[in-house]
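# Working through the structure, step by step
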There are 4 protein chains.
Amino acid sequence: MSSDFGKILKTTIFGQSHGKAVGVVMDGLPAGLSIDREALYAFMARRAPGRNPWSTARRETDRPVFLSGLREGLTTGDPLCAIIENQDTRSGDYDLLADTPRPGHADYAAQIKWKGQADLRGGGHFSGRLTAPLCVAGGIARQILARYGIEVGAHLASVGEIEDEAFPLNPNPDLFRAVAAKTFPVLDDAAGDRMKALIELVAREGDSIGGTVECVAIGLPAGIGSPMFGGIENRLAQALFGIPAVKGVEFGSGFAGSARRGSRNNDPFVLEAGEIRTSSNHAGGILGGISSGMPIVLRVALKPTPSIAQPQQSVSLSRQEPVELSITGRHDPCVALRAVPVVEAVTAIVLLDLLLEEGVPLLTAESAVTP
Amino acid sequence: MSSDFGKILKTTIFGQSHGKAVGVVMDGLPAGLSIDREALYAFMARRAPGRNPWSTARRETDRPVFLSGLREGLTTGDPLCAIIENQDTRSGDYDLLADTPRPGHADYAAQIKWKGQADLRGGGHFSGRLTAPLCVAGGIARQILARYGIEVGAHLASVGEIEDEAFPLNPNPDLFRAVAAKTFPVLDDAAGDRMKALIELVAREGDSIGGTVECVAIGLPAGIGSPMFGGIENRLAQALFGIPAVKGVEFGSGFAGSARRGSRNNDPFVLEAGEIRTSSNHAGGILGGISSGMPIVLRVALKPTPSIAQPQQSVSLSRQEPVELSITGRHDPCVALRAVPVVEAVTAIVLLDLLLEEGVPLLTAESAVTP
Amino acid sequence: MSSDFGKILKTTIFGQSHGKAVGVVMDGLPAGLSIDREALYAFMARRAPGRNPWSTARRETDRPVFLSGLREGLTTGDPLCAIIENQDTRSGDYDLLADTPRPGHADYAAQIKWKGQADLRGGGHFSGRLTAPLCVAGGIARQILARYGIEVGAHLASVGEIEDEAFPLNPNPDLFRAVAAKTFPVLDDAAGDRMKALIELVAREGDSIGGTVECVAIGLPAGIGSPMFGGIENRLAQALFGIPAVKGVEFGSGFAGSARRGSRNNDPFVLEAGEIRTSSNHAGGILGGISSGMPIVLRVALKPTPSIAQPQQSVSLSRQEPVELSITGRHDPCVALRAVPVVEAVTAIVLLDLLLEEGVPLLTAESAVTP
Amino acid sequence: MSSDFGKILKTTIFGQSHGKAVGVVMDGLPAGLSIDREALYAFMARRAPGRNPWSTARRETDRPVFLSGLREGLTTGDPLCAIIENQDTRSGDYDLLADTPRPGHADYAAQIKWKGQADLRGGGHFSGRLTAPLCVAGGIARQILARYGIEVGAHLASVGEIEDEAFPLNPNPDLFRAVAAKTFPVLDDAAGDRMKALIELVAREGDSIGGTVECVAIGLPAGIGSPMFGGIENRLAQALFGIPAVKGVEFGSGFAGSARRGSRNNDPFVLEAGEIRTSSNHAGGILGGISSGMPIVLRVALKPTPSIAQPQQSVSLSRQEPVELSITGRHDPCVALRAVPVVEAVTAIVLLDLLLEEGVPLLTAESAVTP
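Owing to the predicted nature of the structure, the values given are computational and were not obtained by experimental measurement. (Residues numbered from 1 in each chain as written. Chains lettered and ligands numbered in written order. Predicted model: local features only at pLDDT ≥ 70, side-chain atom pairs only at ≥ 80, totals over all residues. Heavy atoms only, no water.)

Here the focus is the overall build of chain A. Looking only at helices and strands, chain A features 10 helices and 18 strands. A compact globule built from 371 residues would reach a C-alpha radius of gyration of about 21 Å, and chain A, at 21 Å, matches this within 12%. For chain A, the spread of C-alpha atoms along the principal axes amounts to about 70 × 50 × 35 Å. Looking at chain A as a whole, 69% of its 371 residues are labelled buried. Counted over contacts in chain A with a minimum sequence separation of 6, partners at least 24 positions apart contribute 72%. Each charge class in chain A was averaged separately, 35 positive and 41 negative side chains, and the resulting centres sit 3 Å apart. (Helix = DSSP H or I, 4+ residues; strand = E, 2+ residues; numbered from the N terminus. Rg over C-alpha atoms; globule rule 2.2 N^0.38 Å. Buried < 20%, exposed > 50% of the residue type's maximum accessible area, 1.4 Å probe, protein only. Contact = heavy atoms within 4.5 Å. Lys, Arg positive; Asp, Glu negative; His and termini not counted. Charge placed at Lys NZ, Arg CZ, Asp CG, Glu CD.)

For the rest of this paragraph, the subject is the environment of A217 of chain D. Residue and element names in this part refer to chain D. Along the chain, A217 falls in strand β10 (residues 211–218). Note on A217: relative accessible area 1%, which makes it buried. With 17 residues separating them along the chain, A217 and N234 place their C-alpha atoms 16 Å apart. Apart from the residues lying within four places of it in its own chain, the contact partners of A217 are E151, V152, P295, I296 and L351.

The interface of chain B with chain A comprises 100 residues on the first partner and 100 residues on the second. Both faces combined, the contact of chain B with chain A buries some 7600 Å², and carbon together with sulfur accounts for 64% of it. Of all residues in chain B, F229, K247 and F269 of chain B give up the largest surface area on contact with chain A, accounting jointly for 12% of the area buried on that side. Ionic pairing is found between K247 of chain B and E233 of chain A, a salt bridge with its closest N-O pair at 2.7 Å. Here chain B and chain A share 39 residue pairs in polar contact (both at pLDDT 80 or more) between them. Residues of the side of chain B that touches chain A, tallied by class, amount to 47 nonpolar, 36 polar and 17 charged. Of the pairings in the sheet, the one linking strand β11 (residues 246–251) of chain A to strand β11 (residues 246–251) of chain B comprises 3 bridges and is antiparallel in character. Looking at β11 of chain B, one finds that G248 of chain A is bridged to E250 of chain B. (Buried area = accessible area lost by both parts, 1.4 Å probe. Salt bridge = Lys/Arg side-chain N within 4 Å of Asp/Glu carboxyl O. Polar contact = N/O pair within 3.5 Å; in protein donor to acceptor, adjacent residues only side chain to side chain. Nonpolar A, V, L, I, M, F, W, Y, C, P; charged D, E, K, R; others polar. Pairing = 2+ DSSP bridges.)

Take the sheet that holds strand β2 (residues 10–14) of chain A next. Residue and element names in this part refer to chain A. Here 5 strands make up an open sheet; going across it, the order is β1-β2-β3-β7-β4 and the pairing antiparallel. At either margin of the open sheet sits one strand with a lone partner, and together these are β1 (4–5) and β4 (65–68). In this structure, β2 lies alongside strand β3 (residues 21–27), joined through 5 bridges in antiparallel fashion. Bridge assignment links T11 to a residue of β3, and that residue is M26. Of the strands in this sheet, β1, β2, β3, β4 and β7 (80–85) touch helix α4 (residues 131–146), which is tilted by about 30° from β3. (Axes fitted to C-alpha atoms, helices over the stretch in contact; angles between N-to-C directions.)

With that settled, the discussion passes to the nonpolar core. Of all hydrophobic cores here, the largest spans 328 residues; its most connected members are I140 of chain A, I140 of chain B, I140 of chain C together with I140 of chain D. Other than its neighbours up to four places away in sequence, I140 of chain B contacts M26, L29, I35, L40, F66 and L80 of chain B. (Core = buried A, V, L, I, M, F, W, Y, C linked by side-chain atoms within 4.5 Å.)

Applying the stated criterion across every chain yields a total of 18 aromatic pairs over all chains. When the ring of F5 of chain A is compared with that of F229 of chain B, the centres are 4.4 Å apart and the planes differ by 50°; the resulting orientation is tilted. Placement of the pair is F5 of chain A in strand β1 and F229 of chain B in the loop between β10 (211–218) and α7 (232–240), with the two residues belonging to separate chains. F5 of chain A gets classed as buried once you look at its relative accessible area, which sits at 5%. The exposure class of F229 of chain B is buried, given its relative accessible area of 1%. Between K113 of chain A and the ring centre of W114 of chain A, over which it is positioned, the NZ or CZ distance is 5.6 Å. Here the guanidinium or amino end of R63 of chain B rests over the ring plane of Y41 of chain B, the centre of that ring lying 3.8 Å away. (Phe/Tyr/Trp six-rings, centres within 6.5 Å; stacked < 30°, edge-to-face > 60°. Lys NZ or Arg CZ within 6 Å of the ring centre and 35° of its normal.)

All names here are of chain D. By the definition in use, this model includes 76 salt bridges over all chains. Here K196 ties to D193 by a salt bridge, and the two come within 3.5 Å at their closest N and O atoms. Here the residue K196 and the residue D193 both occupy positions in helix α6 (residues 189–204), the gap between them amounting to 3 residues, near one helical turn. Classification of D193 by relative accessible area gives partly exposed; the value is 45%. Residue E214 pairs with R299 through a salt bridge whose shortest N-O separation is 3.6 Å. Of this pair, E214 sits in strand β10 while R299 sits in strand β16 (residues 296–302); the two residues are 85 residues apart in sequence, bridging distant segments of the chain.

The subject of this paragraph is the side chain of S158 of chain A. All names here are of chain A. By the element assignment, S158 lies in strand β8 (residues 151–159). Look at S158 and you get buried, because its relative accessible area is 7%. Separated by 2.6 Å, the side chains of S158 and T212 make a polar contact. The residues contacting S158, other than those within four sequence positions of it, are E163, M195, G210, G211 and T212.

It takes a turn of 180° to lay chain B on chain A, together with a shift of 0.0 Å along the axis; the resulting RMSD is 0.0 Å. What we have between these two chains is a two-fold relation. Residue Q238 of chain B of chain B places its C-alpha closer to the rotation axis than any other residue of that unit, at 2.5 Å. (Least-squares fit on C-alpha atoms with pLDDT ≥ 70 in both.)

Next up on the list: the sheet that holds strand β8 (residues 151–159) of chain B. With antiparallel pairing, 10 strands are arranged side by side in an open sheet as β9(A)-β8(A)-β10(A)-β16(A)-β11(A)-β11(B)-β16(B)-β10(B)-β8(B)-β9(B). Sheet topology places β9 (162–163) of chain A together with β9 (162–163) of chain B at the edges, where each strand pairs with a single neighbour. Where strand β10 (residues 211–218) of chain A meets strand β16 (residues 296–302) of chain A, 7 bridges bridge the pair, whose relative direction is antiparallel. Residue pairing for β16 of chain A: V216 of chain A is matched across the bridge by V297 of chain A. Helix-sheet contacts for helix α5 (residues 173–181) of chain B involve β8 and β10 of chain B, and the interaxial angle to β8 of chain B is about 50°.

Of note in the backbone geometry, E72 of chain B takes a positive phi value of approximately 50° without being a glycine. Turning to its location among the elements, E72 of chain B is positioned in the loop between β5 (70–71) and β6 (74–75).

Looking now at the state of the cysteines. Overall, the coordinates contain 0 disulfides over all chains when judged by the stated rule. Not part of a disulfide, C81 of chain D finds its nearest cysteine sulfur in C81 of chain B, a span of 5.5 Å. (Disulfide = S-S within 2.5 Å.)

Taken residue by residue, a regular strand's side chains alternate between the two faces of the sheet. All names here are of chain D. Judged by how many residues are buried, strand β11 (residues 246–251) sits mostly within the fold: 6 of 6 residues are covered. Sheet analysis places β11 next to β16, joined by 5 bridges and oriented antiparallel. Of the residues in β16, the one forming a bridge with G248 is A301.

A word on the side chain of D164 of chain A. All names here are of chain A. For D164, the location among the structural elements is in the loop between β9 and α5 (173–181). For D164, which is buried and forms no salt bridge, the nearest opposite charge comes from K182, at a distance of 7.2 Å. Polar side-chain contacts of D164 include one of 2.7 Å to the side chain of H155. At a separation of 2.6 Å, a polar atom in the side chain of D164 contacts the main-chain amide nitrogen of L187. Excluding residues within four positions of it along the chain, D164 makes contact with H155, L156, A157, V186, L187, D188, A191 and M195.

So, about the packing of α4 of chain A against helix α10 (residues 335–358) of chain A. Residues and elements named next belong to chain A. Remark: α4 packs on α10, axes separated minimally by 7 Å, with the N-to-C direction vectors making an angle of 50°. Between α4 and α10, the crossing angle belongs to the class labelled oblique. Seen from above, α4 lies across α10 with left-handed handedness. For the pair α4 and α10, the contacting residues are T131, L134, C135, A137, G138, A141, R142, I144 and L145 in the first and P341, V342, E344, A345, V346, A348, I349, L351, L352 and L355 in the second. Of the residues assigned to the contact of α4 with α10, the class counts are 15 nonpolar, 2 polar and 2 charged. (Parallel < 35°, antiparallel > 145°, perpendicular 65-115°, else oblique. Left-handed = near helix turned anticlockwise from the far one by under 90°.)

In structure tokens form, the structure reads like this:
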């Protein structure tokens, strides 16, 4: 098991979907930084279940309780622990499934690993529920990043084969705020309407659909990161694959770039207002694992929700015979939708860790951007 | 900087392209395992430069010298250090470029990070040259994996928009050996011929081309790995992004799966000869970060070689003015080609580390597969 | 900050003395192990404050609440989080001290590190209060160690210059239980009575006194550990210095051995009932960082409680002038007394981590010792 | 196995006593720092064998070869690898001992751990020979520390029961240089003469003797380090126990302080020339794991050399019967003597890692102290 990540800032996630609480410990935060709780709650609300017709009906207050590391709204420099109680658990939904692994779920792999002792209720420690404490940590990281002049934004880049437009080359932070304020976080609302219709369609058919999320960070200075195994891509990818259902991560032109010629994929260096920039950003702001000063651009692929109502083929572990399985319970038909703020959260945490490792100083209160 | 990866088996890479030597330290290998040097040399030869018309003319013997950790062909359990001397270095090729960052290279980012002190000769520590010691480590890991009954194979899955066929659902290890024995490692030789023609074409035009590599590991038992941040995907991705030019990593159906419905992307569980398998493998053998017992399947996207002969736009750092840049020197027109064994190497090292962490026992000599 | 330790089993401590709660996350526990809560409470009671005349009057229930990782008394394999609410906090006691660092305390160093933002109430994250969650973790580790046939015991080896006798060469686990059952955990009760008298004396004089704790682990098989930096001594020492007030750690004959000749300090190998043992144990069961199969023996030195009622010399940070300081509040006159189970706890956690790293299998239920 | 330590600066040691070479990789050094090779050689000469009558007759040039990370005398920011070839190996000396573990050595523990495959020639990876690359790393760290205004000194504090005087409260760096220049590194030469006589005596008697080393670092600013498990003491202890034969580590008044009262052991804060200092330093410059601005003071206990010529009792592993063992070969009668610079080396490496973690900026060239 390894439910933590980070080098200077270590973030540890604990909890199971249907246990008493889920939570997070962040060890390595600087001291004396104010955390705006309302802004944090607003960020968390973006992933909360039950807020629109396209996500699970499970309802939770999701108010984090801070057990340590905060005093009168300021970080103390000690490990910060926040917990969220699980209020709306229905273990019964899952009792019949113990013997029959759900296709696309970790049930079978976990049963083997833990020799039949895994807590699979609601996905246990594998559950999307664990992204709630991840968003507590990410919401805090976002607020601190703002004091370095760094902002992170994301949108639902595709659902099925329907694609949103991409972020522009040098996005304005207002654009991040605008898309974050939408119930359905896309840039092109017409594409968004088609995505919604598709999600509703697959839901009606007892099915689910995959999607991708694009995330961009602006303001990261050049020179952050490392070649080889501790670079920005390595550390972001290691953490992003911790989000349930993520099966692919790419930076800049990514897989599309691997079909191109160098003369088209290289980003020419240019001078812009006395600063060295590139006139395209196929590198996604990362060269040799190190930031180039251009926006960090990444995309993650999320598989379709494995829990579907349609009958599926499985096997009874005890009887060693085929069984047909129908999954009831509450499930998002498209996990990519609620993953949008989670991708932002993880990206923010990793970038903050990198900044702390490099010893980059905070901006003064006057020059800092607003959270 | 962080040029190491791994938890129980720590692999550290050192060296610069045009320094005295490159090398690797593997700390955490079990003791008493025989290493077949000829098999190791054969594996390393697969990435060596200058062995075919589609790769750089730089020639090197690439014979690793073992400084520690081996005694009479057996691992001692101590840190194993192997070095490869750099014999054919031509620093002069790079002297004129110090002031003018090459598009697509880490030059600019590294100059900022190291405040002008980076060793950029031949790419320095960013160079593909560093994949030679990675292949020493990977070649050793492959031999040890064989004693767990695990084999790793890879092929060039695409060059530009030309695609090879994919590995079958349950590949036979003979197929791995057959593709490894080819000068041009593809499954479909007709596709390979078109790839070669494309590489030759872009090379003649002073350009380069990207590609992808598919890698599969068979024999990994179910139950290896972890949910969240220490799972198979997290650790493989963290390491694979350490291979120069990698910009994307996906597992199983990956990005393609994110365009699909759950009813099509889920892998039904079936009984095959008394074993629980899945009848498809869109999960790439990994569910919740844990192995399912099916083959591990991953693909990496490699960008086109950034060093191209065509003139490119850059900026003089000292004069702060635009300059046109033409890169001479020896360069692979398609780095994906020589990356095939490197992807295998990194995959093998990470899987070995995971097995050691889980305490999986070695097979007895009789039951072990041949390396 | 780094409030965690361990490699396979990562233990993270959070909380401040006068915050909402203190707690621990243990990530890496095996699944399916039963935890006996009553035995755990009994272990924790050994360090609890207010249970005898020689320790602080602060009273706390110290009942851990398990938020995750346990289900129906069994470990689930997920991160286990336990918290203990802080019930009896009196921040007021510390308000006057903010400007005047207490001699022997971390106040000054922490104020510099956190630029005036440290939470110093009651010692904040430096407090002995943090040893409560450490004992939750240690109590759990002890129960699991018992299933490997390993038991850990400790006693108060000295207070001031009064020494208890040492554990015998091959202690019986009953001896551990007998000393653990005592209110004053010494082997020689006559020495214990002299220690109590000394503690009472220094307390009356508004002073405090240092002490040492000896800890022994029996049942650890030979061959566990590593040379150089990951050995038993390295890892135990790294963790033991995390207990507040610890200023020295030694193994086997330790500092005394450094005054001896080799002919006297070496432990001769002998055969005992067909097993290879040593006829003395000056090595403390550790040779080259690896267990020899003999008991692990260590001693830690704890400084006298820095909080004393006698007037002391300090400096006002704001006025930059000398001030005389008298510390009121509740304090143990001899922290070594309550440190006895804490040393056991830390030792147990580290040894469990080492066993998990080596992949040592659990004993079967029948052969396991009782917790 | 874990032959590395450090967080931002990772130092990995490899090699066996009688293998081809020993070496070190330092990953995380800043770029652009000049390394004075002559000063490094001079530092290494302090631990080299065969330079005085009180140490082993084994002779080695011990000139490190830098394979990477240095270019024209400047660090490049890439991993620095230095190797030292083993020139004077005599494996034959050890062949007869394979079956008969030497008392006080790791032979038996290592044979169990590595199931008979350990390379025990000359102590293998356990050998004091491994302290040569550690001194390369430490010599480099010392030179860089000097650019932070930090200097490290050490002396032989005791041999058997003969004690040197201690460093003064605020030692002058000239004192460090003076003691480092001596063949026999003590402060009180009269005590040194008695130590030499004792070493000669035990050597004549085929015996050995233990000793202690005191090490002090001056110039470390207040506020470096952490409470709990990542503090200065934790990290120094973890690394110092990696030096062969170290069995105890204490800071400040250490074990002696545990026999004292708080009123005597606490260090009063005072103002000295406008700076906050303490009028004694029983804390060894560390409070709550964090530096107080006073000198860091530590002592390590080294056991007597286990290799002695006197006959000792052991057991034949193959025949399972007692045997009498006499060890021939070349051995230091008092390993503490040559450990003096090694303790400095390890201390310097750990302090440098802590400074890099905190992001402390280098002094400008003008203000820096000389290496």
